[in-house]
Amino acid sequence: MGLYLYGSGGHAKVVLEIAEVLKLNIEGFVDDYAENKFLFNYPIYSSNNSYRNEEWIIAIGDNSIRKKIANKLSGTFPTLIHPSANISKRCLVNEGTVIMAGVTVNSSVIIGRHVILNTNSSIDHDCIIEDYVHVSPNVAIAGNVKVGECTHLGIGCCIIQGVSVGRNCIVGAGAVVIRDVPDGTKVVGNPSKKI
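Only a predicted model underlies this, so the values are computations on that prediction, with no experimental measurement involved. Residue numbers restart at each chain and count upward from 1, following the sequence in its written direction. The predicted nature of this model means local features are confined to residues of pLDDT at least 70 and side-chain atom pairs, given and counted, to a pLDDT of 80 or more, with totals for whole chains, interfaces and linings taken over all residues. Side-chain figures throughout are based on the complete set of non-hydrogen atoms in the structure, without hydrogens or water.

Chemist: Any chance you could explain the pairing of strand β2 (residues 26-30) here in plain terms?
Modeler: Along any regular strand, the residues point their side chains to alternate faces of the sheet. A large share of β2 lies buried, amounting to four of its five residues. For two strands to pair, DSSP has to find at least two bridges joining them. Counting from the N terminus, the helices are the DSSP runs of H or I reaching at least four residues and the strands are the DSSP runs of E reaching at least two. Pairing geometry for strand β1 (residues 3-6) and β2, over four bridges, is parallel. Directly across from Leu 3, in β2, lies its bridge partner Ile 26. Pairing of β2 with strand β4 (residues 42-45) involves two bridges; the strand directions are parallel. When the bridges of β4 are listed, Val 30 appears paired with Tyr 45. Each residue is assigned to one of three classes by its accessible area relative to the maximum for its type, calculated with a 1.4 Å probe on protein chains only: buried under 20%, partly exposed between the two thresholds, exposed over 50%.

Chemist: Help me understand the UniProt feature "binding site: substrate" (unreviewed entry) in the protein chain in this model?
Modeler: UniProt positions are given in the numbering used here, feature names are shortened, and annotations may be inferred rather than shown by experiment. The positions that UniProt labels "binding site: substrate" (unreviewed entry) are, in the present scheme, Gly 61. Within the fold, Gly 61 resides in the loop between β5 (54-58) and α2 (63-72). The partly exposed category is assigned to Gly 61, whose relative accessible area is 23%.

Chemist: Whenever I open this one, the state of the cysteines confuses me. Can you help?
Modeler: What makes a disulfide is a covalent bond joining the sulfur atoms belonging to two cysteines. Throughout, a disulfide means two cysteine sulfur atoms within 2.5 Å of one another. Across all of its chains, the model carries zero disulfides by this definition. Cysteine Cys 91 is unpaired, with the sulfur of Cys 127 as its nearest cysteine sulfur at 11 Å. Between Cys 157, a free cysteine, and Cys 158, which holds the nearest cysteine sulfur, the sulfur-to-sulfur gap is 6.7 Å.

Listed below in structure tokens is the structure:
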């Protein structure tokens with residue numbers, strides 16, 4: 001059984017390289033909107049093909065689209081962790097999650113399903129990162145932080161210890177989060193403010 005990557009955009013290129021480093025059997029990509037038939041010599045298939053009990057990684061950065069695709073696919077969802085990531089043996093990483101190069105996850109962290117921990121992000125002890133969260137490159141999350149489902153943390157943002165960020169939130173690039181963020185809120189700036 002081989003691995004299919006759902007999506008063939010920029011994010012999929014990075015996910016592909018993790019799968020290659022891990023020496024996984026990659027069947028190709030699935031993308032109904034691709035302009036080409038191949039990406040890096042791997043075929044790009046239609047979602048209309050017959051797939052049964054395949055292995056999937058949803059290689060799409062948008063949280064809501066990733067959730068929608070996960071809910072319609074059948075098969076298994078392995079976890080991909082780049083060998084250069086520093087992941088505590090005392091954390092839990094759930095199915096379909098992709099952890100990029102240079103990521104650090106410390107003790108007693110729970111990472112949900114289909115999460116993206118992007119390049120060089122850092123998550124300290126006792127955090128909970130719920131399903132379908134996207135943690136962008138160079139995000140720094142202190143200890144005892146909770147991040148709700150489908151939230152996007154923009155590149156380089158920082159979240160201080162003990163803060164809770166709700167579901168379906170957007171934290172802007174470089175924002176410094178020093179107080180709780182309610183569900184469905186967009187925050188930017190230093191200190192972060194609702195917009």
